[in-house]
Amino acid sequence: MSFIKTIKNSFKKNTVHKTWPGLIEAYMQWLPVSEKTPIITLQEGATPLIYIRSVSEEIGKNVKVYVKYDGLNPTGSFKDRGMTMAISKAKENNCEAVICASTGNTSASAAAYAKRGNMRAFVLIPEGYVAQGKLAQALVYGAEVISINGNFDKALDIVREISTQYPVTLVNSVNPFRLEGQKTSAFEIIESLGNAPDWLCIPMGNAGNISAYWMGFQEYFKHKRSDKLPRMLGFQASGSAPLVHEKIIHEPQTIATAIRIGNPVNREKALKVKKESNGKFLAITDEEIIRAYKLLGEKEGIFCEPASAASVAGLLKLKREVPKDSTIVCVLTGNGLKDPDCAINNNDAIFHTNLDPTINDVVKAMKL
Ligand code: AN7
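**Structural notes on the overall build of the chain**
Along its length, the chain carries 16 helices and ten strands. A globule of 368 residues ought to have a C-alpha radius of gyration of about 21 Å, and the chain, at 22 Å, matches this closely. For the chain, the spread of C-alpha atoms along the principal axes amounts to about 70 × 70 × 50 Å. Relative to all contacts within the chain whose residues are 6 or more apart in sequence, the contacts with residues 24 or more apart total 72%. Of the roughly 17,600 Å² of accessible surface on the chain, a fraction of 53% belongs to carbon and sulfur atoms.

**Quick word on the sheet that holds strand E5 (residues 144–148)**
The strand order across the open sheet built from four strands is E5-E4-E3-E6, with neighbouring strands paired in parallel fashion. Unpaired on one side and paired on the other, E5 and strand E6 (169–170) mark the two borders of the sheet.

**Description of the site of the ligand**
The environment of the ligand is formed by 23 residues, the closest being Asn 105, Thr 106, Asn 206, Ala 207 and Thr 333. Here an oxygen atom of the ligand and a backbone polar atom of Thr 106 are 2.7 Å apart. Between an oxygen atom of the ligand and a main-chain N or O atom of Gly 208, the distance comes to 3.2 Å. When the ligand is considered free in solution it has 480 Å² of accessible area, and contact with the protein chains removes 99% of it. Going through the elements one at a time, helix H5 (105–116) and helix H10 (208–222) are the ones with two or more residues in the shell around the ligand.

**Comments concerning the environment of Thr 164**
Looking at the secondary structure, you find Thr 164 in helix H7 (residues 152–165). One polar contact links the side chain of Thr 164 to the main-chain carbonyl oxygen of Glu 161, over a distance of 2.7 Å.

**Re the pairing of strand E8 (residues 231–237)**
Looking along a regular strand, one sees the side chains alternate between the two faces of the sheet. Of all the seven residues making up E8, six are buried; the element is thus mostly covered by neighbouring parts of the structure. As judged from the five bridges shared by strand E7 (residues 199–203) and E8, these two strands associate in the parallel manner. Looking at E8, one finds that Cys 201 is bridged to Leu 233. Where the polypeptide runs from E7 across H10 and back to E8, its parallel neighbour, the crossover connection is right-handed.

**Let's talk about the nonpolar core**
Burial of nonpolar side chains together is a common tendency in soluble globular proteins. By size, the foremost hydrophobic cluster in this structure holds 39 residues, and its most contacted members are Val 55, Val 312, Leu 315 and Ile 328. The residues touching Val 55, leaving out its near neighbours within four places in the chain, are Val 65, Leu 295, Glu 300, Val 312, Leu 315 and Leu 316. If you look at the next biggest cluster of nonpolar residues, it comprises 30 residues, including Leu 49, Ile 189, Phe 217 and Phe 281.

**Some points on the side chain of Ser 54**
If you trace the backbone, Ser 54 turns up in helix H3 (residues 53–59). Contact partners of Ser 54, with chain neighbours within four places excluded, come to Leu 295, Lys 299 and Glu 300.

**Observations concerning the environment of Gln 165**
Inspection of the secondary structure assignment puts Gln 165 in helix H7. Distance in space between the C-alpha atoms of Gln 165 and Val 33 is 26 Å, their sequence separation being 132 residues.

**Quick notes on the sheet that holds strand E10 (residues 327–332)**
Spatial strand order, E1-E2-E10-E7-E8-E9: six strands in an open sheet with mixed pairing. Taken across any chain shown, the strands that pair with only one partner, and hence form the sheet edges, are strand E1 (49–51) and strand E9 (280–284). Neighbour to neighbour, the strand axes of the sheet diverge by 25° on average, direction disregarded. By the bridge criterion, three bridges tie E1 to strand E2 (residues 64–69) in an arrangement that is antiparallel. Bridge assignment links Tyr 51 to a residue of E2, and that residue is Tyr 66. Sheet strands touched by helix H14 (residues 306–317): E2, E7, E8, E9 and E10. Its angle to E10, the strand with the most contacts, is close to 150°.

**Describing a nonpolar patch on the surface**
Among the surface-exposed residues, Leu 355, Ile 359, Val 362, Val 363, Met 366 and Leu 368 lie close enough to one another that they form a single nonpolar patch of about 620 Å² accessible area. The class for Leu 368 is exposed, based on a relative accessible area of 81%.

**A closer look at the pairing of E5**
Both strand E4 (residues 120–126) and E5 contribute to a ladder of five bridges, which runs parallel. Each bridged residue has a counterpart across the sheet, and for Pro 126 the counterpart in E5 is Ile 148.

**Topic: the pattern of salt bridges**
Scanning the model with the defined rule gives 17 salt bridges in all. Residue Glu 276 is joined to Lys 272 by a salt bridge in which the shortest nitrogen-to-oxygen separation is 3.2 Å. With Glu 276 and Lys 272 both in helix H12 (residues 267–276), this residue pair falls four residues apart, about one helical turn. Through salt bridges with shared partners, a single network forms among Lys 68, Asp 70, Arg 81 and Glu 188.

**What to know about the state of the cysteines**
Across all of its chains, the model carries zero disulfides by this definition. Sulfur of Cys 304: no disulfide; nearest cysteine sulfur belongs to Cys 342 and is 9.3 Å away. Since its relative accessible area comes to 0%, Cys 304 is described here as buried. A relative accessible area of 6% places Cys 342 in the buried class.

The rules we used
Residues numbered from 1 in each chain as written. Predicted model: local features only at pLDDT ≥ 70, side-chain atom pairs only at ≥ 80, totals over all residues. Heavy atoms only, no water. Helix = DSSP H or I, 4+ residues; strand = E, 2+ residues; numbered from the N terminus. Rg over C-alpha atoms; globule rule 2.2 N^0.38 Å. Contact = heavy atoms within 4.5 Å. Areas by Shrake-Rupley, 256 points an atom, 1.4 Å probe, with all protein chains shown as cover. Pairing = 2+ DSSP bridges. Near = heavy atom within 4 Å. Polar contact = N/O pair within 3.5 Å; in protein donor to acceptor, adjacent residues only side chain to side chain. Buried < 20%, exposed > 50% of the residue type's maximum accessible area, 1.4 Å probe, protein only. Right-handed = clockwise from strand over helix to strand, strands pointing away. Core = buried A, V, L, I, M, F, W, Y, C linked by side-chain atoms within 4.5 Å. Axes fitted to C-alpha atoms, helices over the stretch in contact; angles between N-to-C directions. Patch = residues over 30% accessible without salt bridge, like charges linked within 9 Å, V, L, I, M, F, W, Y side chains within 5 Å. Salt bridge = Lys/Arg side-chain N within 4 Å of Asp/Glu carboxyl O. Disulfide = S-S within 2.5 Å.

So this is what it looks like as structure tokens:
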């Protein structure tokens, strides 16, 4: 009896893990919620901010580069931050069904949170351009998946129209609650670093996330939780760069299917962010994206999806412009497991196949 007690006490003493309640409960005072809001959560948020030595050293100048690994959210992308808010508010408003267009991650996240809130989820996706992991998620979470012979921009036009005519709530980033949830990542970065970074590097598709981060950085700055604002650096794939070229791209193309978007809905907001933060938008090639993607995997043990690697690829492209002694955060928006095809086709691994099952043959292959 006393023995058991001792063990129990020592367990208690050594307890370091604290349960994270999810971002709505954690940041309630900063969010448009009340006691009446039902909180639909998968305990998203609180993702790690990880120092990246290889990229810091490649830039030099005593620069510190971190990644905000938002691919570690419950459905593997930053969308969960926005979705917990959008779905909770939809539930508060007695909504029974939600709809979105998606290059993949929004559909996975919308499906998971809608089901948790006991709602139907309709997701429109561009046929043939959604990574396997994301499609698998939408199916497993029980979404009603509608695949169209058209790109994301066309799908978004359709769901916007449907949501105005039928009782379904739109949960793309035109839904303002999405951005409210996503701004919490900026709060976490400031809390981790003790201040805002000098640069925030981020991939852009519809440009909801860059707008949300800027909102978060501004709010904490206003409340003196930081004493500076970052420059916002937004990156797009060169075949899909409407915000860089400031024109609609009708046939966007890139290996980073998550950001294969030619007509971003948050265009005006994004341009405002660029102006207010003295930021910059830049296009990077698929080759540059894949180089950064491989570097994060091979040198750092971090597996992100190609769209996310755009943030690091963009930073490396701008390395000569990085001020010395600065602190930089690159947002890794999605998990590498989302897109296994890209991983299998883009790596420099040594992969011996078809060996005889003998010690001799294995050792021979190891070239010890
Ligand atoms: C991994 O899922 O638009 O600039 O439909 O999945 O806020 O649009 C995804 C976008 C970056 C771009 N990284 O964010 C969708 C979708 C990843 C993404 C973006 C997306 P926004």
